[in-house]
Amino acid sequence: MRYKIWIKRTVIDFVYENGNRWLPKETGGVILGYRANSLSMVITDVIGPGSKAVHGHYNFHPDQVFHKKEIARKYEESGQRITYLGDWHTHPNSYPYLSNQDKATVRKIAAYKEARLPNPIMLIAAPPKKEFKAWVYGVCRPNKSAIYYKAEVIFY
Ligand SMILES: [Zn+2]
């Protein structure tokens, strides 16, 4: 499957800027937007780690209370158009590929009924390089195996 993700330029600028600020530690947050169709998503907004996030050299735990509040606020402000689409985080001085832990996290997001998000996005950046990849989780029928698609990214 070929997922296409439109990303607002200011969103990725924020990811690079926040990623550099936290070097050599990890940082992250959530991404918001809307689905244009089953294979296309538009990322319009990004939220940072939050003040209670835990930043480690090889791990990151977001401030989930802050994120829940911000997601709800954006949702209302946008007339219920802009919703949670997935997470972003950094791999300092490394590469933007999914670790086993990242795969487990994105599977958990997809399984989380309240989010109603069968195809969450996991965006990973690799500061200080200006490099990132956007991964989309999916389940392959008939055997239900997990697939992590590398999305085609288009800036706007
Ligand atoms: Zn990771």
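Please refer to the structure placed before this passage.
As the structure is a prediction and not an experimental result, all values here were calculated from the model.

What counts and what doesn't
Residues numbered from 1 in each chain as written. Predicted model: local features only at pLDDT ≥ 70, side-chain atom pairs only at ≥ 80, totals over all residues. Heavy atoms only, no water. Helix = DSSP H or I, 4+ residues; strand = E, 2+ residues; numbered from the N terminus. Expected span 1.5 Å × (residues − 1). Contact = heavy atoms within 4.5 Å. Donors = N, O, S within 2.8 Å, 3.2 Å for Na, K, Ca; no water. Tetrahedral: all angles 85-135°; square planar, octahedral: opposite > 155°, others 65-115°. Buried < 20%, exposed > 50% of the residue type's maximum accessible area, 1.4 Å probe, protein only. Salt bridge = Lys/Arg side-chain N within 4 Å of Asp/Glu carboxyl O. Core = buried A, V, L, I, M, F, W, Y, C linked by side-chain atoms within 4.5 Å. Right-handed = clockwise from strand over helix to strand, strands pointing away. Pairing = 2+ DSSP bridges.

Trainee: It is not clear to me how helix α1 (residues 9-22) should be interpreted in this structure. Could you clarify?
Mentor: Since the α-helix packs 3.6 residues into each turn, any two residues three or four apart lie on the same face. Given a rise of 1.5 Å per residue, 14 residues ought to cover 20 Å, and the 20 Å separating the end C-alpha atoms of α1 matches this to within 8%. Lining the buried residues of α1 we find β1 (4-7), β3 (40-47), β6 (83-90), β7 (121-125), β8 (132-140) and β10 (152-155).

Trainee: What should I look at first to understand the coordination of the zinc ion in this one?
Mentor: At the metal site, the zinc ion is ligated by H89 (NE2), H91 (NE2), D102 (OD) and D102 (OD), and these contacts range over 2.0 to 2.5 Å. For the zinc ion, the 4 donor atoms in the first shell make angles of 56 to 156° at the metal, so the coordination geometry reads as irregular. Each donor residue of the zinc ion lies on the same chain, and together they follow the pattern H-x1-H-x10-D. Placement of H91 in the loop between β6 and α3 (100-111) and of D102 in helix α3 is noted, with a sequence separation of 11 residues between them. Pair check on accessibility: H91 and D102 agree, each one buried.

Trainee: Sorry if this is basic, but what is going on with unusual backbone geometry here?
Mentor: The general pattern is negative phi for most residues beyond glycine and trans for most peptide bonds. In this model, P127 is joined to P128 through a cis peptide bond whose omega is 5°. Note on placement: P128 falls in the loop between β7 and β8. A positive phi angle, close to 60°, is found at K144, a residue other than glycine. In this structure, K144 sits in the loop between β8 and β9 (145-150). We classify K144 as exposed; its relative accessible area is 64%.

Trainee: Honestly, the pattern of salt bridges in this entry has me stumped. Any pointers?
Mentor: A side chain with one charge may pair with a side chain of the opposite charge, provided their charged atoms come close. Tallying each qualifying case throughout the model produces 4 salt bridges. A salt bridge links R73 to E70; its shortest N-O distance comes to 2.8 Å. You can see R73 and its partner E70 sitting in helix α2 (residues 64-77), 3 residues apart, about one turn around the helix. Under the relative-accessibility criterion, R73 is labelled partly exposed at 39%. Overall, E70 belongs to the buried group, its relative accessible area being 17%. With a shortest N-O distance of 2.7 Å, R73 and E77 are connected by a salt bridge. Of this pair, R73 and E77 both sit in helix α2, separated by 4 residues, roughly a single helical turn.

Trainee: How should the nonpolar core be read in this particular structure?
Mentor: A general feature of soluble globular proteins is that nonpolar side chains tend to end up buried together. Grouped together as the largest cluster of nonpolar side chains are 29 residues, with contacts concentrated most on I5, I43, I121, L123 and V136. Looking at this core, the elements that each hand over two or more residues are β1, α1, β2 (28-37), β3, β6, β7 and β8. Setting aside its immediate chain neighbours within four residues, V136 contacts Y3, I5, M41, N119, P120, I121, I147, Y148, Y149 and A151.

Trainee: How should I be thinking about the pairing of β7 in this particular structure?
Mentor: Along any regular strand, the residues point their side chains to alternate faces of the sheet. In terms of burial, β7 is largely enclosed, as 5 of its 5 residues are buried. Where burial is concerned, the two faces of β7 agree: the one with I121, L123 and A125 and the one with M122 and I124 are both buried. Read as a crossover between parallel neighbours, the route from β6 over α3 to β7 is right-handed. In this sheet, β8 lies alongside β7 in antiparallel orientation, the contact comprising 5 bridges. Its bridge partner being in β8, L123 is matched across the sheet by A134. With antiparallel pairing between neighbouring strands as the criterion, β7 and β8 make up a hairpin whose turn holds 6 residues.

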